[in-house]
Structures are given as structure tokens and as C-alpha cells.
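Residues per chain are reported as follows:
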Amino acid sequence: MQRIEHIYINGEFVLPHGQEWFDLHNPSTEEVIGQVRLGDALDAQRAIAAAKAAFPAWALTTREERIAALQRMHRALAAREQELHEAILAEYGAPAVRGRWMATYPADVIAQAIDALQAFEFEEQVGIATVVLTPVGVTGLITPWNSNAGFICSKLATALATGCTSVIKPSEMSALQTQVVLRALHEAGLPPGVFNIVNGRGDVVGEEIARHPDVAKISFTGSSAVGQHLLRTSADTMKRVTLELGGKSPTVVLDDADFPAIMPLVLQAGFLNSGQACIAGTRILVPRTRLAEFEKVAQAHVAQIQSGDPRKADTDIGPMVSQKQWERVQRYIQLGQQEGARLLAGGEGRPEGLHAGWFVKPTIFTDANNQMRISREEIFGPVLTIIPYEDDAAAISIANDTDYGLSALVLGTNTERCGRIARQINCGRVLINTLAHEPRAPFGGFKHSGLGREMGKWGMNAYLEPKTLI
Ligand code: NAD
């Protein structure tokens, strides 16, 4: 049982003013495995003051000095990969392959920020003007539970690369991961105050960061509802805002696709991170003329998918992060049936043989339409919906008939046709016959999936203000 009592302000581990303790659970067993003491608004104010005091000197550092600092962060995070992996397994239940990726990604993303910084042009000549990109100031970085360590590192590395300082409000449900990352960041020996971490509730510490006049920018990853609230709150102090929010991403299966060949991609995209991924391909659009054939292949493949103990090497889907999330997913499985969709696989309750843990059966609905709530709302669990379509135009129209616009996957044998369709889908990223990631390309969403972009030069620009000198 771990007790995490300290927060991190001005280069020191300090006791928070906040008194509340929050339980941390192992979602595979439902047991309480730790407790974290939460900071409050006063703690957020102290952290913001430290970041404000550190800003002028950090903003003046050279590219080389920042690269050296980021390299120290990279080394420190890489050295704690195994410890981070344990924390991710314990408090999050990510299955083996995903858990390993989540443990290596924080160091990798810092290396990607170093690459972006090395190539970045902070000055440009435009006619008689020199345009200088200057850091916005103190940044508030707020992360979700489903990729807490990764987002702390990606947001912080980008903020520091641009000369900004930061106050981080990590997910209160991911305090074990935060603690490992924090110890590594402390070892990296950055100047006091350039980054500060305050564990706390969103509506207390997050709210104070969003409200505070000394915070110039918010970078938030989380749900669309909280993102919209932050945008409204930030307006009062004219904060710059980057929002990475939810999704209901389409997987468009074209009528020339080889179903047995593409099915692993369809299911990996849908069940990514046990279905708890913003980019999960949860709406599967299938040509009506080949629906029965697709269902048969899907059923055969999903029968091979293991939902259960994330420590077992052959587990594909781990538990939902909390009882609340498990109950929410169960409600959607009931709702899909009430709405008239047909269960092709899975259903309510735990997978056979499991009597504890927040496990869900890999579930696929078919015969659905795009107006059903299971097709429109982010479920955040391993629940996929097959929606039949008539022709390419209808597939594009259904793909775009959503409030979201984060990601999409197009699958077919004619790459040129796939590319034509990809260009007509309104979202931040379209993958064609692959689940590959390109860290130098921008990441972010259209519509309710977000505002602004992260990664590469686009991510850096979001922390900078152009200043024209003539
Ligand atoms: P959430 O919105 O409940 O919480 C995210 C963070 O915001 C947490 O740290 C929380 O404490 C904080 N928060 C809550 N209320 C707040 C408030 N009033 N003011 C300030 N901060 C507040 O989201 P979650 O459940 O942690 O994460 C899952 C969601 O995140 C899903 O919707 C998922 O799609 C989204 N997500 C998006 C991306 C992306 O890159 N687009 C990546 C991962 C997750």
C-alpha cells in the first residue's frame, strides 16, 4: 500500500495544504492499493507563483541549454521504464503490449520534442520585419487517466522546449504513475520552478489553474465536456487553449477489402487500450452487400480475443479503470440492445471465469445505424458498432455525421481510392491500411474532438506568440 503525500513546488517535494486523501485501486482486483493526498486551490496558487518566478530566466535560455535539460529528462525517464511499467499495470491494468508501450512512450516523446526543438525556427524574416516567436509564459498542463505519464511528458517537454514554465495537474486516478515520472523529472535537475506538479481534483486544482490570471495557456487532454468548460473559464483571462478531447472514430471498410486480412487491424483499432482510447475506431462502417460475410469473419476473430488479467502475456483487453467506468460501459451495452442493435459478440457482465475486477467482454453490435446513442457517444470501453452503408458517398457521409473528428481508418485494396476517401473525412488524422504513428506530424481533433494541435512544430507553435520587429 503506497501513500503519496507530497506535491512538487519550486524544485522541492512539499506537503500540500489540501487535506483530502484519495484511494487508488487495482482495477484487476478492485483492491485499494494506495492513497494520494490531494492539493487544493492554495497549493495551485503556490505552484503558479513558482512557475511565474522561474519564467523570465527560463525564457532566456538558449536552444542548447534547453536541449541539454530535455536530454537529462529523457535519460531519467528511460531509466525508470520498468518502475513505470509496474505502476501502469497496478493502477491501470494495461495489457502487456500496451503497458510496455505506455512505459517507454514518456522517454520517447521527450526525444521527439528534442528533435522538434533542434529543427525549429524561432525567427523568420518577412519583408522588412523580423518575426520572433516568444514563449507565452506560465502554462497549465492537465492530463487524463488513460495516458497520464505520456501526456505529462509530451506537454511538459514541449512547453520547456519553447521556453515556457509549467504547473501540471495530473489525473488524480494515476498518482502512482505520476510519482514515478516526478522522481525522474526531479533527478533531471531542472531549475527550481520551471515545472511544478500538484495532485488534486479537477474541479479544485484544475479549476484554479484555469481561473488564475498568471497562467497564460492551458493544454488539456480529457473529455469534451471538461474541455468545453475550460474553454469558457479561460476566456475571462484570455488564455491560449489547446484541447485534446474525445472521439467516436470511424473505421471505413471498403467493398474491395480482404476481410480476413484487415480484421486484425479493425479489432486492434477498436479495442486499443482496452477500448479506453480517444482514437479508438469504434464505428465500423461496412458495405451492406458484404455485411453477412464481414460479421462471420469478425465473429471468428473476436472469439480469439482474451479479456482478463493484464499480467498474462496473451491478454488483449485489460480491465476498465474504475467501477464507475465499468458500470458506464455496462449501461451502453444494455442501451445498444434497447435501441435495436444486434449483439454479434460479447454482452453484459464479466467475461466467463472472472468474478472480480472491472473486466468487460469484447463486445460488437451490428445492424446499427448512425443515429443510435451507441454510434454517437464515446463509450470508452471495448464496445464496437457495425453500421452498414450503401456506397462510398454514404460511407463518407456517415463517417462525417458525428460531433467528433479525431481519427479515422480507411481499409481497402485500392490505395488511390482509399486516399480519395481519406481526404473527404473531416478529422485530424486518417490512417490508410495501417495503425502507424508519425510523431513529427500534428495530432489533434476537428469539431468537439479538440482545438489546436500537439506534436512537432505545430505543437511548439501552440506555446509561442509571434512578435513582429520592424
Ligand atoms: P476528464 O475530462 O474526466 O479528466 C481529465 C483531466 O481533467 C483530469 O486530470 C481531471 O482531474 C481534470 N478535470 C476534471 N474536471 C476539471 C475542471 N472542472 N477543471 C479543470 N480540470 C478538470 O477525462 P478522463 O476521464 O481523465 O479521460 C478520458 C477522456 O480523455 C476521454 O474522453 C478521452 O477521449 C479523452 N482523451 C483524449 C485524448 C486526445 O489526445 N484527444 C487522449 C486521451 C484521452
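Described in the following lines is the structure provided in the data block. (Residues numbered from 1 in each chain as written. Predicted model: local features only at pLDDT ≥ 70, side-chain atom pairs only at ≥ 80, totals over all residues. Heavy atoms only, no water.)

## Focus on the side chain of Thr178
Following the sequence through the fold, Thr178 ends up in helix α6 (residues 175-187). Polar side-chain contacts of Thr178 include one of 2.8 Å to the side chain of Asn148. Excluding its chain neighbours within four sequence positions, the residues that come into contact with Thr178 are Asn148, Ile152, Pro170, Ile197 and Asn199. (Helix = DSSP H or I, 4+ residues; strand = E, 2+ residues; numbered from the N terminus. Polar contact = N/O pair within 3.5 Å; in protein donor to acceptor, adjacent residues only side chain to side chain. Contact = heavy atoms within 4.5 Å.)

## A closer look at unusual backbone geometry
Although it is not a glycine, Glu30 sits at a positive phi angle of roughly 75°. Look at Met238: it is not a glycine, yet its phi comes out positive at around 55°. Inspection of the secondary structure puts Met238 in the loop between α8 (224-235) and β12 (240-244). Assessed through its relative accessible area of 59%, Met238 is described here as exposed. (Buried < 20%, exposed > 50% of the residue type's maximum accessible area, 1.4 Å probe, protein only.)

## Quick word on the sheet that holds strand β1 (residues 2-4)
Overall, mixed pairing links the three strands, which are arranged β1-β5-β4 in an open sheet. Because the sheet does not close on itself, it has two edges, and the strands there are β1 and β4 (21-25). Sheet twist, expressed as the mean angle between neighbouring strand axes with direction ignored, is 20°. Looking at chain direction, β4 and strand β5 (residues 32-37) are connected through five bridges and run antiparallel. Its bridge partner being in β5, Trp21 is matched across the sheet by Arg37. Contacts between α6 and the sheet are confined to β1, β4 and β5, with β1 contributing the most and set at about 65° to the helix. (Pairing = 2+ DSSP bridges. Axes fitted to C-alpha atoms, helices over the stretch in contact; angles between N-to-C directions.)

## Some points on the packing of helix α2 (residues 63-79) against helix α4 (residues 96-119)
The interhelical angle for the contact between α2 and α4, taken along N-to-C directions, is 165°, at an axis separation of 8 Å. On the basis of their axis angle, the class for α2 and α4 is roughly antiparallel. The two elements α2 and α4 meet at a crossing, and its hand is left-handed. In contact with Arg63, Arg66, Ile67, Leu70, Gln71, Met73, His74, Leu77 and Ala78 of α2, α4 contributes Pro106, Ala107, Ile110, Ala111, Ile114, Leu117, Gln118 and Ala119. (Parallel < 35°, antiparallel > 145°, perpendicular 65-115°, else oblique. Left-handed = near helix turned anticlockwise from the far one by under 90°.)

## Quick look at the side chain of Asn199
By secondary structure assignment, the location of Asn199 is in the loop between β10 (195-197) and α7 (202-211). The class of Asn199 is buried, set by a relative accessible area of 4%. Excluding residues that lie within four positions of it along the chain, Asn199 makes contacts with Ile4, His6, Ile7, Val36, Arg37, Leu38, Gly39, Pro170, Thr178 and Val205.

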